[in-house]
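Residue-level structure breakdown
Listed below, chain by chain, are the residues.
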Amino acid sequence: MRKIVSVFILAVLGMVGCSQSINLEEHFSLNGTVGSLTAMNQNNEKVDIPKDYKDKIWLAAFIFTNCDTVCPPMTMNMATLQKQAKQEHLDIEFVSFTIDPENDKPDVLKNFAKSFGADERNWNFLTGYDQEVIESFANTSYIAPAAKLDGSNQFVHSSAIYLMKGTTILEQYEVSADVPYEKIIEDIKLLQ
């Protein structure tokens, strides 16, 4: 009987140990803090970063609708992640920051979102700020490039997706080639 009780106690202790929250600094490679940004989403609704996301888990990316290289596949990859997260019943938000706010007005972003099958209930496509503001925001918060190419309608920007918890930037995943869908989903599960 003592042996059964000992095994039971060890099992309970093991479950309690597993249920403790993870050490974010040990598990994730980044530990940045997102700055403030006031924006408008594709539905012309005001969004305050990080205030509106302070208690949420979210994925963020930088895109622009006239992009002729990485933005369409990045957005398709985010749409795939959105579907996978929904299938796994994960509570997560998605944010796409345009780095071309002059051209990417809310209606343009709404059409862009629809073309990728984005579920707008938990995905904001953001605009409504000045070009200098988004460049500074990307450069300082995400340590990511964001700038218009001279003599072109194209922009240089990060091709990563960033995992966020509240105001903390936890991880970045390069998504221009092989997308680590399983790792991203597993990392999100750790935060739930």
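This text goes with the structure placed above it.
Read on for an overview of the structure. For every chain, the first residue of the written sequence is number 1, and numbering continues from 1 along that sequence. The predicted nature of this model means local features are confined to residues of pLDDT at least 70 and side-chain atom pairs, given and counted, to a pLDDT of 80 or more, with totals for whole chains, interfaces and linings taken over all residues. Excluded from the side-chain calculation are hydrogens and water; included are all heavy atoms of the structure.

**Some remarks on the pattern of salt bridges**
Between Lys or Arg on one side and Asp or Glu on the other, a salt bridge is scored when a side-chain nitrogen of the former is within 4 Å of a carboxyl oxygen of the latter. Taken as a whole and assessed by the stated rule, the structure comprises five salt bridges. We note a salt bridge from Glu88 to Lys189, for which the minimum N-O separation is 2.9 Å. One end of the pair, Glu88, is in the loop between helix H3 (71-87) and strand S5 (93-98); the other, Lys189, is in helix H6 (residues 181-191), with 101 residues separating them in the sequence. The buried label goes to any residue with under 20% of its type's maximum accessible area, the exposed label to any with over 50%, and the partly exposed label to all in between, with areas taken from a 1.4 Å probe on protein chains only. With a relative accessible area of 33%, Lys189 lands in the partly exposed category. Linked by salt bridges that have partners in common, Glu88, Glu186 and Lys189 make up one network. Secondary structure counts use DSSP, requiring at least four H or I residues in a row for a helix and at least two E residues in a row for a strand, with both numbered from the N terminus.

**Some details on the sheet that holds S5**
Here the rule is simple: two strands pair whenever DSSP picks up at least two bridges between them. The strand order across the open sheet built from six strands is S1-S10-S9-S4-S5-S6, with neighbouring strands paired in mixed fashion. Edge positions in the open sheet fall to strand S1 (32-33) and strand S6 (123-126), since each of these has one partner strand only. Bridge analysis of S5 against S6 gives four bridges, and the strand direction is parallel. Bridge pairing in S6 places Phe97 opposite Leu126. Contacts between residues were defined by any pair of non-hydrogen atoms, one from each residue, lying within 4.5 Å. Axes here mean lines fitted to C-alpha atoms, for a helix over just the part in contact, with angles spanning 0 to 180 degrees between N-to-C directions. Along the sheet, H3 contacts strand S4 (57-63), S5, S6 and strand S9 (160-165); its crossing angle with S4, the most-contacted strand, is approximately 165°.

**Considerations on the nonpolar core**
The criterion is simple. A nonpolar core is a set of buried Ala, Val, Leu, Ile, Met, Phe, Trp, Tyr and Cys residues joined through side-chain atoms within 4.5 Å. Membership of the largest hydrophobic core comes to 58 residues, with the highest contact counts inside it found for Ile49, Trp58, Leu59, Phe97 and Tyr142. No other element matches the seven residues that S4 contributes to this core. Ignoring anything within four residues of it in the chain, the contact list for Phe97 reads Leu37, Ile49, Trp58, Ala60, Ala61, Phe62, Ile63, Leu126, Tyr129, Ile134, Phe137 and Tyr142.

Shape is all these values report; function is a separate question.
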